[in-house]
Amino acid sequence: MTTYLGRLLESEPVVRQPFEIGFAEMNACSWHDAIDHFRKAAVATKGVASVALLNLIGVCHYSQGLPGAALKDFQQSARLAEEFGDQQGKSRALGNRS
């Protein structure tokens, strides 16, 4: 699995702060908590940051043994990446599907 952060570190605090907490939870293998924080960040953004957040949620789902949910997240991430012109995000999302 490839994690993709995109421009999350440059996001507004309302997006960046829950992302950073979620990423720490992800690194601690607290998948459910990480997903909750990533979703909070996703609600706060409608932009390109959602590409990376969906990819991270997919990685968490996959790590929990939920490949169907992960595939759905990666596909949605790829669609949004296409919409926003985020070629690197699209590449990472499509790569994680396999």
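Calculation notes
- Residues numbered from 1 in each chain as written.
- Predicted model: local features only at pLDDT ≥ 70, side-chain atom pairs only at ≥ 80, totals over all residues.
- Heavy atoms only, no water.
- Salt bridge = Lys/Arg side-chain N within 4 Å of Asp/Glu carboxyl O.
- Helix = DSSP H or I, 4+ residues; strand = E, 2+ residues; numbered from the N terminus.
- Buried < 20%, exposed > 50% of the residue type's maximum accessible area, 1.4 Å probe, protein only.
- Axes fitted to C-alpha atoms, helices over the stretch in contact; angles between N-to-C directions.
- Parallel < 35°, antiparallel > 145°, perpendicular 65-115°, else oblique.
- Left-handed = near helix turned anticlockwise from the far one by under 90°.
- Contact = heavy atoms within 4.5 Å.

(A) Highlighting the pattern of salt bridges. If you walk through the whole model with that rule in mind, you get 2 salt bridges. Linking glutamate 20 and arginine 16 is a salt bridge whose minimum nitrogen-to-oxygen distance equals 3.7 Å. One end of the pair is glutamate 20 and the other is arginine 16, both in helix 1 (residues 13–27) and 4 residues apart, which spans about a single turn. In this structure, the salt-bridge partner of lysine 90 is glutamate 82, at a minimum N-O distance of 2.4 Å. According to the relative accessible area criterion, glutamate 82 is partly exposed, its value standing at 45%.

(B) Structural view of the packing of helix 3 (residues 49–63) against helix 4 (residues 67–84). Look at helix 3 against helix 4: their axes get within 8 Å of each other, and the N-to-C directions meet at 165°. With respect to their mutual orientation, helix 3 and helix 4 come out roughly antiparallel. Crossing handedness for the pair helix 3 and helix 4: left-handed. Counting all contacts with helix 3, which are made through Ser50, Val51, Leu54, Asn55, Ile57, Gly58, Val59, His61 and Tyr62, the residues of helix 4 involved are Pro67, Ala69, Ala70, Asp73, Phe74, Gln76, Ser77, Leu80, Ala81 and Phe84.

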